[in-house]
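Each chain is listed here by its residues.
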Amino acid sequence: MPWTKTQLNESIKKIIGDRLLIIASNREPYIHTYKEGKVEYIRPIGGAVTALDPVMRVTKGTWVAYGSGNADKDVVDKKNEVKVPPENPKYKLRRIWLSKDEENGYYYGYSNKAMWPLCHMAYTRPAFDDVDWAYYKIVNQKFADTILDIVKDQKAFVWIQDYHLLLLSKLLKEKNKNLITAHFLHIPWPNPEAFRICPQKNEILEGLLSNNLLGFHIRYHCSNFMETVKLEMEARIDTERTSVVYGGHETLVRAFPISVDFAEISEQAESKEVKSAMKKLRHEFSIENDVFIMVGLDRIDYTKGIVEKIRAVDRFFEKFPEYKGKVTFIQKGGLSRMHIPEYKELNDTLNRLVEEVNWKHSTEKWYPILLIRRHMSRTGIIALYKMANACLVSPLHDGMNLVCKEFIATKNDLNGVLILSQFTGAARELDDAIFVNPYDRENFAIMLKEAVELPDSKKKKRMKRLRSVVKENNIYKWAGKFLEELKKI
Ligand code: GDG
């Protein structure tokens, strides 16, 4: 039986016991904003928040994160805390405030101009700037001070998320040795050759090796990390326990493939709201019923291979012009990190490219590519997946990728094909996808044809197997397995 929310809740109670649970992440689970003068809140989308919010609800701990909403300061108490979920408070969200300089240096700078490109093999050169690094340390220290203030002399377990807080565990343990810390990295860990260029590598590795448990999405990232440690540090690798011993302290290194709430998405996909959103979308884009729809959904990021995907769609219509008017590719793209020049340039390139490809192939009544820029609700996104005959997921490198798993969860009728880049963490689990190398435009175009022409019976067989994998390895299993591992500490 797949893991459920209830089972996770029971498991957490046993593992955490009377310890205080603290989650530390850059992004907060609830963002308060002003809309027409009134305070509203939004929930950022993504696997981590979906998985960790129920964990926090049960353990009634504290989530520490950067307060990014324009109404965030107006709803907190003297300690900068607000109880969430706002409609039915269960745990505390403690907000950390950052100045413009701190946000620039720590978030846009070191996290996203240095660590992000360093860990993703997408051939974007990382930029290591001393000022950014200084701010990165300042902000990690801010998180540490806040957490120490919350914990005081209680027994506590701190679960750190992602590449923004790589130094946090060490900073915490310098002041409080009794804390148990675990860190989950949502991005890949590169091979040692790639990582060794980082001028701050020793401090980063020391930071990570202060944790009791270190998690990555897949085994390959774990072994890259262990190889990196072997090359850079005087540490002992224990292959039996898959752990690293550094300065007498052991860090367990484990793979936990993140996922989605399969049951919830499949249920939502059958809702009236989703059905009516599908109708609206078809009408908005004037898509005929017999057109084969391919869908892409990405944050606009150079690691996601969106340009490569559009070039492959272009090549598909060049090579197989008989499909003009019969196949449409809808790409939804959410703007991301626009203060970084590479992201702004990528966005401009996408606009230009889509315009060129549409001009080249379009007919009076049909466009090959529809680029959706406007914000879409969760219902809209699920409607988009559900109306698609195929989903195109083509990152140049991705820790896991949740889009492909969300698409699979909506396909209750088994009517859909997944075209997936070999360079995603998800490719290790989803054997029944049609695999592509996004750098190989010619073959990508051929694979698109294969997806369009895949006979119904084969399509259904593949989707059935894909669904059983995602159903079994759902988000509750991810969180449950991570917490269970703590028992070994
Ligand atoms: C990091 C790792 C890892 C995307 N565009 C829009 C939109 N989305 C939603 C999707 C999905 C989420 O955002 C994206 O998740 P991904 O996993 O694909 O990618 P990252 O944001 O890069 O996440 C990744 C993940 O962390 C979890 O560990 O899988 O490898 O890079 O939920 O539905 N939602 C809306 N509009 C968009 O334009 N509303």
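Note: the structure precedes this text.
Residues numbered from 1 in each chain as written. Predicted model: local features only at pLDDT ≥ 70, side-chain atom pairs only at ≥ 80, totals over all residues. Heavy atoms only, no water.

**Digging into the overall build of the chain**
Line of reasoning, step 1. Helix and strand counts for the chain come out as 18 helices and 18 strands.
Line of reasoning, step 2. Computed over C-alpha atoms, the radius of gyration of the chain comes to 23 Å, within 12% of the 23 Å expected from 2.2 N^0.38 for 489 residues, which places it in the range of a compact globule.
Line of reasoning, step 3. Seen through its principal axes, the chain has C-alpha atoms that stretch 70 × 50 × 45 Å.
Line of reasoning, step 4. In the chain, buried positions account for 59% of the 489 residues.
Line of reasoning, step 5. Sequence-distant contacts, at least 24 apart, represent 76% of the contacts inside the chain between residues at least 6 apart.
Line of reasoning, step 6. When the accessible area of the chain is evaluated, it comes to approximately 21500 Å², of which 49% is carbon and sulfur surface.
Line of reasoning, step 7. In the chain, 77 side chains carry a positive charge and 65 a negative one; their mean positions are 4 Å apart. (Helix = DSSP H or I, 4+ residues; strand = E, 2+ residues; numbered from the N terminus. Rg over C-alpha atoms; globule rule 2.2 N^0.38 Å. Buried < 20%, exposed > 50% of the residue type's maximum accessible area, 1.4 Å probe, protein only. Contact = heavy atoms within 4.5 Å. Areas by Shrake-Rupley, 256 points an atom, 1.4 Å probe, with all protein chains shown as cover. Lys, Arg positive; Asp, Glu negative; His and termini not counted. Charge placed at Lys NZ, Arg CZ, Asp CG, Glu CD.)

**Considering the nonpolar core**
Line of reasoning, step 1. Of all hydrophobic cores here, the largest spans 93 residues; its most connected members are Ile204 and Phe225.
Line of reasoning, step 2. Two domains each provide a minimum of three residues to this core, namely domain 1 (5–258 + 475–488) and domain 2 (262–471).
Line of reasoning, step 3. Not counting residues up to four positions away in its chain, the partners in contact with Ile204 are Tyr110, Met115, Trp133, Leu166, Leu167, Trp189, Phe195 and Cys198.
Line of reasoning, step 4. Counting residues in hydrophobic clusters, the runner-up holds 80 residues, among them Leu52, Leu402, Ala427 and Ala433. (Core = buried A, V, L, I, M, F, W, Y, C linked by side-chain atoms within 4.5 Å. Domains from an automatic or database assignment.)

**Quick word on the packing of aromatic side chains**
Line of reasoning, step 1. Counted under the stated rule, the structure contains 26 aromatic pairs.
Line of reasoning, step 2. Where Trp133 meets Tyr136, the ring centres are 5.7 Å apart and the plane angle is 15°; that geometry is what we call stacked. Taken together, the residues span about one helical turn, with Trp133 and Tyr136 both in helix α5 (residues 130–151) at a distance of 3 residues.
Line of reasoning, step 3. Owing to a relative accessible area of 0%, Tyr136 belongs among the buried residues under this scheme.
Line of reasoning, step 4. Measuring from centroid to centroid gives 4.4 Å for Trp159 and Phe482, while their planes differ by 15°, and the two rings are stacked. Highlighted residues: Trp159 in strand β7 (residues 156–161) and Phe482 in helix α18 (residues 475–485), separated in sequence by 323 residues.
Line of reasoning, step 5. Taking the relative accessible area as the measure of exposure, Trp159 reaches 0% and is therefore buried.
Line of reasoning, step 6. Every member of this aromatic cluster is reached through a ring pair, and the members are Tyr106, Tyr110, Phe128, Trp133 and Tyr136. (Phe/Tyr/Trp six-rings, centres within 6.5 Å; stacked < 30°, edge-to-face > 60°.)

**What to know about the sheet that holds strand β15 (residues 369–372)**
Either a parallel or an antiparallel arrangement is found when strands of a sheet pair, and the pairing is made through backbone hydrogen bonds.
Line of reasoning, step 1. What the 6 strands build is an open sheet, ordered β15-β14-β13-β16-β17-β18; its pairing is parallel. Looking along the sheet, the strands with just one partner apiece sit at the ends: β15 and β18 (434–436). When strand polarity is set aside, the average angle formed by the axes of neighbouring strands in this sheet is 20°.
Line of reasoning, step 2. As paired elements, strand β14 (residues 327–334) and β15 share 4 bridges and run parallel to each other. Residue pairing in the sheet places Ile330 in a bridge with Leu370 of β15. (Pairing = 2+ DSSP bridges. Axes fitted to C-alpha atoms, helices over the stretch in contact; angles between N-to-C directions.)

**Focus: the pairing of strand β13 (residues 292–299)**
Taken residue by residue, a regular strand's side chains alternate between the two faces of the sheet.
Line of reasoning, step 1. Within β13, 7 of the 8 residues are buried, leaving the element largely enclosed by the surrounding structure.
Line of reasoning, step 2. Regarding topology, helix α12 (residues 306–319) serves as the crossover connection from β13 to the parallel β14, and that connection is right-handed.
Line of reasoning, step 3. Both β13 and strand β16 (residues 390–393) contribute to a ladder of 2 bridges, which runs parallel. Paired with Val295 across the two strands is Cys391, which belongs to β16. (Right-handed = clockwise from strand over helix to strand, strands pointing away.)

**Focus on the site of the ligand**
Line of reasoning, step 1. In the region of the ligand, 23 residues are neighbours, and His186, Arg299, Asp398, Met400 and Glu406 sit closest.
Line of reasoning, step 2. In the model, an oxygen atom of the ligand is placed 2.8 Å from a nitrogen or oxygen of the Met400 main chain.
Line of reasoning, step 3. A distance of 2.8 Å separates an oxygen atom of the ligand from a polar atom in the backbone of Leu402.
Line of reasoning, step 4. If the ligand stood free it would expose 740 Å²; the protein chains cover 89% of that surface.
Line of reasoning, step 5. Of all elements in the fold, only β13, β14, α14 (378–387) and α15 (403–410) reach the threshold of two or more residues within the shell around the ligand.
Line of reasoning, step 6. Its residues assigned to classes, the shell around the ligand comprises 10 nonpolar, 6 polar and 7 charged.
Line of reasoning, step 7. Looking at the shell around the ligand, you find at least three residues from each of domain 1 (5–258 + 475–488) and domain 2 (262–471). (Near = heavy atom within 4 Å. Polar contact = N/O pair within 3.5 Å; in protein donor to acceptor, adjacent residues only side chain to side chain. Nonpolar A, V, L, I, M, F, W, Y, C, P; charged D, E, K, R; others polar.)

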